[in-house]
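What follows is each chain in one-letter form.
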Amino acid sequence: MHDIPTGLIHHPYAAPAGFSAPQPGVFKASTVIFPSTAAMRARDWKSRAGYTYGLHGTPTTFMLEERLCTLEGGLQCLLVPSGLAAIANVGLALLRTGDEVLIPDNAYGPNKALAASELAAWGIAHACYDPMNPADLRARMTPRTRLVWMEVPGSVTMEFPDLRALVDAAHAGGAVAALDNTWGAGIAFCPFDFGVDISVHALTKYPSGGGDVLMGSIITRDEALHLRIKGTHMRLGLGVGANDAEAVLRALPSLDLRYRAQDRAARHLARWLRSRGEIVAVLHPALDGAPGHAHWRDACGTADAAAGLFSVVFHERHAPADVDRFCDSLRLFKLGYSWGGPISLVVPYDVPSMRHADVAAWPHRGTLVRFSVGLEAVEDLQADLDAALAAL
Ligand SMILES: *Cc1c(COP(=O)(O)O)cnc(C)c1O
């Protein structure tokens, strides 16, 4: 080949196979090249025995999917562009007009918002249930209920439910049990030990670990269920970028270390905050007396693990504007959503506005603040909180 532009595209050199290095390679493709028309015609986008198109998988995404199956104890995995896309993909795959989905009232807010807007517009009903009361879930199940979401614990108010009882209630009513497993991250407990059918994970949080990637996964143990969701995944075109997949692959080896370090620091700070008079409740499921602590012990006691995430409720004598000032005066804890990254984060929430008062009454009157603990030295984080409390 003498023509330079053509030679730069169709170059005969092929690097030797067998390259081995600590991190997997990044394969980037929309187009995948077939060796023959016969191979092209025989392509099967559902199979991971080969490659058909970038959207359906590359060595990089297959490798990440396999490692995530190992992490969460599943057999099949789909990657999607965000945790919320994972929730949406599951709902759109499993729900039809006339069906109903049940969502815990303390769930990740956009899950409820999707049900109240798009799903409702397509004639799919939804209701919220009290996750701390499996009898409430049982009572709300109808013959139309096809899907029940669970979240362990609620990621703002941190109540830890009896996951097995919720799964049993969903299955007794003939529904699919889907868990948002972002908090557990595959470290605190194995979601499939509790009988869930689907584990959804915002890889945006601990698996990416950097606050710089948006990605989600949908993990199952049932091939038929996986293929139902995968069909919708393909038709919606929910692919992920190879560089983002690589960023998660790169962060996975330190996942367990980071999760446990952030857990240790968060429990230290949560215990210390319990002694402070400005605060009436510390909501951390691994602490005695926290809502659902016994269920946390049953599910996560063996691993003795929890995400580095907890909330506090300020005494009502501290008006919401004062609590905002507390958040603003923190120096190391930054104002920002998400969690699982190296930087500690703080967000004030108005819980009553996020809840259906008729599902389960919120027992507190003061403002709730959620902390996500990063990887800074815990002494520095404690000093930061101490100074901001003094400024209240
Ligand atoms: C962050 C989060 C999501 C959504 O993940 P994104 O990647 O930000 O869309 C879903 N569920 C829980 C519990 C989360 O914390």
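In the block above lies the structure referred to throughout.
Residues numbered from 1 in each chain as written. Predicted model: local features only at pLDDT ≥ 70, side-chain atom pairs only at ≥ 80, totals over all residues. Heavy atoms only, no water.

Caption draft 1: The arrangement of the overall build of the protein chain in detail. For the protein chain, the count of helices and strands is 13 helices and twelve strands. Over its C-alpha atoms the protein chain spans a radius of gyration of 23 Å, differing by no more than 12% from the 21 Å that the globule rule assigns to 392 residues. In terms of overall dimensions, the protein chain has C-alpha extents of about 80 × 50 × 40 Å along its principal axes. For the protein chain, the proportion of its 392 residues judged to be buried stands at 52%. Put simply, 74% of the contacts in the protein chain that link residues at least 6 apart link residues at least 24 apart. For the protein chain, the exposed surface amounts to about 17,600 Å²; the carbon and sulfur share of it is 56%. In the protein chain, 34 positive and 40 negative side-chain charges are present, and the distance between their average locations comes to 3 Å. (Helix = DSSP H or I, 4+ residues; strand = E, 2+ residues; numbered from the N terminus. Rg over C-alpha atoms; globule rule 2.2 N^0.38 Å. Buried < 20%, exposed > 50% of the residue type's maximum accessible area, 1.4 Å probe, protein only. Contact = heavy atoms within 4.5 Å. Areas by Shrake-Rupley, 256 points an atom, 1.4 Å probe, with all protein chains shown as cover. Lys, Arg positive; Asp, Glu negative; His and termini not counted. Charge placed at Lys NZ, Arg CZ, Asp CG, Glu CD.)

Caption draft 2: Looking closely at the packing of helix α4 (residues 83-94) against helix α5 (residues 109-121). Packing of α4 against α5 leaves a shortest axis separation of 10 Å and a crossing angle of 45 degrees. When the axis of α4 is compared with that of α5, the two are oblique. Here the hand of the crossing between α4 and α5 comes out right-handed. Along its contact with α4, which presents Leu-84, Ile-87, Ala-88 and Leu-92, the element α5 presents Pro-110, Asn-111, Leu-114 and Leu-119. Partitioning the contact of α4 with α5 into residue classes produces seven nonpolar, one polar and no charged. (Axes fitted to C-alpha atoms, helices over the stretch in contact; angles between N-to-C directions. Parallel < 35°, antiparallel > 145°, perpendicular 65-115°, else oblique. Left-handed = near helix turned anticlockwise from the far one by under 90°. Nonpolar A, V, L, I, M, F, W, Y, C, P; charged D, E, K, R; others polar.)

Caption draft 3: Here's a closer look at the sheet that holds strand β4 (residues 145-151). The strand order across the open sheet built from seven strands is β1-β7-β6-β5-β4-β2-β3, with neighbouring strands paired in mixed fashion. Looking at strand neighbours, the two that pair on one side only are β1 (76-80) and β3 (125-129), the edges of this open sheet. Looking at each pair of strands side by side, their axes are set apart by 20 degrees on average, direction ignored. α4 rests against β1, β4, β5 (176-180), β6 (198-202) and β7 (216-220) of the sheet, and its axis sits at about 150 degrees to β6. (Pairing = 2+ DSSP bridges.)

Caption draft 4: Highlighting the side chain of Asp-105. Counting through the fold element by element, Asp-105 comes out in the loop between β2 (100-104) and α5. The residues contacting Asp-105, other than those within four sequence positions of it, are Lys-112, Cys-128, Tyr-129, Pro-131, Met-354, Arg-355, His-356 and Val-359.

Caption draft 5: Highlighting the packing of aromatic side chains. In total, this model carries nine aromatic pairs according to the counting rule given. Ring geometry for Tyr-51 versus Phe-62: centroids 5.4 Å apart, planes at 20 degrees, classification stacked. Of the two residues, Tyr-51 sits in the loop between α2 (37-41) and α3 (59-72) while Phe-62 sits in helix α3, which places them eleven residues apart along the sequence. Given a relative accessible area of 38%, Tyr-51 falls into the partly exposed group. With a centroid separation of 5.4 Å and 40 degrees between ring planes, the pair formed by Phe-310 and Phe-371 is classed as tilted. (Phe/Tyr/Trp six-rings, centres within 6.5 Å; stacked < 30°, edge-to-face > 60°.)

Caption draft 6: Representation of the site of the ligand within the structure. Of all residues adjacent to the ligand, which total 13 residues, the nearest are Gly-83, Leu-84, Asp-180, Thr-204 and Lys-205. Across the complex, the protein chains shield 91% of the 370 Å² of accessible surface that the ligand would expose by itself. Placement of the ligand is best described as lying within the largest pocket. The residue inventory of the shell around the ligand, partitioned by class, reads five nonpolar, five polar and three charged. (Near = heavy atom within 4 Å. 1 Å grid on protein atoms, 1.4 Å probe; cavity = no way out; pocket = protein on both sides within 12 Å on 5 of 7 lines; lining within 4 Å. Sits in = over half its atoms within 2 Å of the grid points.)

Caption draft 7: Summary view of the packing of α4 against helix α8 (residues 223-236). Following both chains from N to C, one finds α4 and α8 inclined at 110 degrees, their axes separated by 9 Å at the closest point. Comparing their axes, α8 and α4 come out roughly perpendicular. Mapping the contact onto sequence places Asn-89, Leu-92, Ala-93 and Leu-94 in α4 and Leu-225, Arg-228, Ile-229, Thr-232, His-233 and Leu-236 in α8. Per-class residue counts for the contact of α4 with α8 are six nonpolar, three polar and one charged.

Caption draft 8: Examining the layout of surface pockets more closely. A volume near 580 Å³ is recorded for the largest pocket. Tyr-108, Gly-109, Pro-110, Ser-155 and Lys-205 are the residues nearest the centre of the largest pocket, which is lined by 32 residues in total. When residues of the lining of the largest pocket are traced back to their parent elements, those giving at least two are α4, α5 and β6. Here the residues of the lining of the largest pocket sort into 15 nonpolar, ten polar and seven charged. Counting only domains with at least three residues in the lining of the largest pocket, you end up with domain 1 (37-253) and domain 2 (254-390). Empty space within the second largest pocket amounts to approximately 310 Å³. Looking at the second largest pocket, it is lined by 27 residues, and the ones nearest its centre are His-56, Gly-57, Thr-61, Phe-62 and Glu-65. The set of elements that each furnish at least two residues to the lining of the second largest pocket consists of α3, β1 and α8. (Points joined across faces, edges and corners; volume = space filled by probe spheres on them. Domains from an automatic or database assignment.)

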